[in-house]
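Letter by letter, the chains look like this.
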Amino acid sequence: MSTPVRTRIAPSPTGFLHLGTARTALYSWAYARHHGGQFVLRIEDTDVARSTQESVQQILDSMHWLGLQYDEGPFFQMQRLARYHEVAEGMIAAGTAYRCYCTPEELDAMREAQRARGEKTHYDRRWRPMPGKKLPPPPSGVQPVVRFCNPVDGIVSWDDLVKGPISISNHEIDDLIILRPSGGDAPAGSLGVPTYNFAVVVDDLDMAITHVFRGDEHINNTPWQINIFQAIAQDGAPLPRFGHCPIILGDDGQKLSKRRGAVSVTAYEEAGFLPEAMLNYLARLGWSHGDDELFTPEQVVQWFDGSHLAKSPAQWDPAKLAWVNAHHMKLADDARLAALVQRHLQQRGITDAPLAQLTPAAALFKDRCSTVVELADWLAMFYVPVQAAPAELQAHVTPAVVPALQALREALASAVWDKAGIGAAIKQVLAAQGLKMPQLAPALRVLVCGRSQTPSIDAVLALFQRDVVLTRLQHL
Ligand code: GLU
């Protein structure tokens, strides 16, 4: 029987959940779901100075909004310190880790000397126990770090799910610090806080993680993690498979940054994107399924088997995201869109927009909108006065149509207030005034809706309260 698939996402709560992490969370989730496995959320909060509760909440909200449900967690590393200490003590006892008492000044001097000799800087393993080597007595007053005894020879290799086979010589890697003293207020004798590369291995092992998808900025960490894993894994526990996804570039070809579109996942919710569209777009950004561009979350789960992951960086394309979102807007349930629009309208101070009116309006307008915000821009016209551009007014509300608009206002005052009744009133006015629909309709749209292009005007007017339409036609 094969091992059940278990994946995880392990964000650090030092800022919002950024798009790269959201994408690897999505791949991890989809891979677990595809294989009927489990998906774990782990919060890597060992950078105590930079971790915040707001970031944790932001991560949870983003995962929830995207629909990336986790089966276990959130686990918090700072609640697992005793476990890291236990593993480190076991490693010290087994001779795979040791205490190093070098002061920062000594380390600086060591590197300086190496630079002077033209060597690459590295830790020279001076506190590493070796057969026949005599270590000095530990200096008093120096809080030691714990270092891993990295193998001195051989190579570390893995077959990356994204990049293919990767090998690195152990000569390139020095003895990594796995625990650091946690500072002045640490309890006496405390081993301190684990470094990322140590905690991640203990956790991936304890949580029986089988597949790790993450950003390729972690490729250089992977050899250490594999070596530590081999040193502590018991009973032949298998190494996880790693998949390192290339970074996401901004639409200017540069790395996404705060200035270059690296906004939080939740900012996209605010900007009116639908979670299923975001998921669609993020999935495709770095993965492909034939020529498909549009898919549902269920299809991502069905198709995502860890293959067809792109080796080269993907470029963030706001226009394509808008196109994907427009597609999902068309598929979205009208009542759901109405509720989303209602929330956006409330933020604009429009608190009297009932769902009973917004729902049919969403049905009528959603096809022409890329985002919920655009839909809210349209539907706001039912509740707040509109102001057409002067050029539009001049172009369409010409002296030739003003009498017809006045006659229509009168006809609408007593028309049956539905699409058919309004349509009949318009036809009757057109016939009486000897005009054609293309002469009257744009003028009517500009005055009532503030824009000269809308869906079928009888259907649009029927969604208004009659007195709103009559008021907007009154000053002619
Ligand atoms: N906390 C790390 C990060 O946010 C996790 C990397 C990993 O998945 O191992 O980059």
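Our subject is the structure that appears above.
Calculation criteria
Residues numbered from 1 in each chain as written. Predicted model: local features only at pLDDT ≥ 70, side-chain atom pairs only at ≥ 80, totals over all residues. Heavy atoms only, no water. Helix = DSSP H or I, 4+ residues; strand = E, 2+ residues; numbered from the N terminus. Rg over C-alpha atoms; globule rule 2.2 N^0.38 Å. Buried < 20%, exposed > 50% of the residue type's maximum accessible area, 1.4 Å probe, protein only. Contact = heavy atoms within 4.5 Å. Areas by Shrake-Rupley, 256 points an atom, 1.4 Å probe, with all protein chains shown as cover. Axes fitted to C-alpha atoms, helices over the stretch in contact; angles between N-to-C directions. Parallel < 35°, antiparallel > 145°, perpendicular 65-115°, else oblique. Left-handed = near helix turned anticlockwise from the far one by under 90°. Nonpolar A, V, L, I, M, F, W, Y, C, P; charged D, E, K, R; others polar. Phe/Tyr/Trp six-rings, centres within 6.5 Å; stacked < 30°, edge-to-face > 60°. Salt bridge = Lys/Arg side-chain N within 4 Å of Asp/Glu carboxyl O. Expected span 1.5 Å × (residues − 1). Near = heavy atom within 4 Å. Polar contact = N/O pair within 3.5 Å; in protein donor to acceptor, adjacent residues only side chain to side chain. 1 Å grid on protein atoms, 1.4 Å probe; cavity = no way out; pocket = protein on both sides within 12 Å on 5 of 7 lines; lining within 4 Å. Sits in = over half its atoms within 2 Å of the grid points. Points joined across faces, edges and corners; volume = space filled by probe spheres on them. Pairing = 2+ DSSP bridges.

1. Some points on the overall build of the protein chain
And then number 1: Helix and strand counts for the protein chain come out as 19 helices and 13 strands.
And then number 2: Scaling as 2.2 N^0.38, a compact globule of 476 residues should have a C-alpha radius of gyration of about 23 Å, whereas the protein chain reaches 32 Å, well beyond that.
And then number 3: Once the C-alpha set of the protein chain is aligned to its principal axes, its extents read approximately 110 × 50 × 40 Å.
And then number 4: Looking at the protein chain as a whole, 48% of its 476 residues are labelled buried.
And then number 5: In the protein chain, the share of contacts with a sequence separation of at least 24, taken over all contacts with a separation of at least 6, comes to 74%.
And then number 6: Carbon and sulfur atoms make up 53% of the accessible area of the protein chain, which amounts to about 22,400 Å² in all.

2. With respect to the packing of helix H15 (residues 402–414) against helix H17 (residues 437–449)
And then number 1: Orientation of H15 relative to H17, taken along the N-to-C sense of each, is 65°, at an axis distance of 10 Å. In this view, H15 runs roughly perpendicular relative to H17, as classed from their interaxial angle. The chirality of how H15 crosses H17 is right-handed. For the pair formed by H15 and H17, the contact residues are Ala 404, Leu 405 and Leu 408 on the first element and Leu 440, Ala 443, Leu 444 and Leu 447 on the second.
And then number 2: Tallied by class, residues from the contact of H15 with H17 come to seven nonpolar, no polar and no charged.

3. Looking at the packing of aromatic side chains
And then number 1: Under the definition given, this model contains 15 aromatic pairs.
And then number 2: Seen in terms of ring centroids, Phe 213 and Phe 304 are 5.9 Å apart; in terms of plane orientation they differ by 65°. Their pairing is edge-to-face. One end of the pair, Phe 213, is in strand S10 (residues 211–215); the other, Phe 304, is in the loop between helix H9 (297–303) and strand S13 (314–315), with 91 residues separating them in the sequence.
And then number 3: Look at Phe 213 and you get buried, because its relative accessible area is 0%.
And then number 4: The exposure class of Phe 304 is buried, given its relative accessible area of 0%.
And then number 5: Chaining the aromatic ring pairs together yields one cluster made of Tyr 27, Tyr 31, Phe 213, Trp 287, Phe 295, Trp 303 and Phe 304.

4. A few points about the pattern of salt bridges
And then number 1: Applying the stated criterion to the full structure yields 26 salt bridges.
And then number 2: One salt bridge in this structure joins Glu 72 and Arg 6, with 2.9 Å as the shortest N-O distance. Placement of the pair is Glu 72 in strand S3 (residues 72–76) and Arg 6 in strand S1 (residues 6–9), with a sequence separation of 66 residues.
And then number 3: Judged by its relative accessible area of 26%, Glu 72 is partly exposed.
And then number 4: Assessed through its relative accessible area of 11%, Arg 6 is described here as buried.
And then number 5: Across the pair Asp 204 and Arg 8 runs a salt bridge, and its minimum N-O distance is 3.0 Å. On the criterion of sequence distance, the pair formed by Asp 204 in helix H5 (residues 196–206) and Arg 8 in strand S1 is long-range, its members being 196 residues apart.

5. A closer look at helix H1 (residues 19–34)
And then number 1: With 16 residues, H1 should reach 22 Å at 1.5 Å per residue; the first-to-last C-alpha distance of 22 Å fits that figure.
And then number 2: Extensive coverage of H1 is indicated by the burial of 13 of its 16 residues.
And then number 3: Gly 36 sits one or two residues past H1 and shows a positive phi near 65°.

6. Details of the site of the ligand
And then number 1: Within the structure, the ligand sits among Arg 8, Ala 10, Pro 11, Ser 12, Glu 44, Tyr 196, Val 200, Arg 214 and His 218.
And then number 2: Contacts to the ligand include Ala 10, whose backbone N or O atom sits 2.8 Å from a nitrogen atom.
And then number 3: In this structure, Ser 12 approaches the ligand through a side-chain N or O atom, which is 2.9 Å from a nitrogen atom.
And then number 4: When isolated, the ligand has an accessible area of 300 Å², and the protein chains bury 83% of it.
And then number 5: Most atoms of the ligand, that is more than half of them, are within 2 Å of grid points of the largest pocket.

7. Details of unusual backbone geometry
And then number 1: The linkage connecting Gly 73 with the following residue, Pro 74, adopts the cis geometry, with an omega of 0°.
And then number 2: By secondary structure assignment, the location of Pro 74 is in strand S3.
And then number 3: The phi torsion at Asp 235 lies on the positive side, around 50°, for a residue other than glycine.
And then number 4: With respect to the helices, strands and loops of the structure, Asp 235 is situated in the loop between helix H6 (222–232) and strand S11 (241–245).
And then number 5: Positive phi values are uncommon outside glycine, yet His 308 reaches one of about 60°.
And then number 6: Structurally, the position occupied by His 308 is in the loop between H9 and S13.
And then number 7: Look at His 308 and you get exposed, because its relative accessible area is 57%.

8. Quick look at the layout of surface pockets
And then number 1: When its volume is computed, the largest pocket comes out at roughly 1,100 Å³.
And then number 2: Counting residues per element, the ones that place at least two in the lining of the largest pocket are S1, H1, H5 and S10.
And then number 3: Looking at the lining of the largest pocket, the element that brings in the most residues is H1, giving five residues.
And then number 4: Its residues assigned to classes, the lining of the largest pocket comprises 16 nonpolar, 13 polar and 10 charged.

9. Comments concerning the sheet that holds strand S8 (residues 177–180)
In sheet architecture, strand pairing relies on hydrogen bonds along the backbone and comes in two forms, parallel and antiparallel.
And then number 1: Taking strand neighbours across the sheet as the criterion, the four strands line up as S4-S5-S8-S9 in an open arrangement whose pairing is antiparallel. Across the chains shown, the open sheet's two edge strands, defined by having one partner strand only, are strand S4 (97–100) and strand S9 (193–194).
And then number 2: Two strands pair when backbone bridges link them, and S4 and strand S5 (residues 145–148) are joined in this way by four bridges, in the antiparallel orientation. Counted as the bridge partner of Ala 97 is Phe 148 from S5.
And then number 3: Where helix H3 (residues 81–94) meets the sheet, its contacts fall on S4, S5, S8 and S9, and the angle it forms with S4 comes to roughly 100°.

These figures come from the coordinates and say nothing about function on their own.
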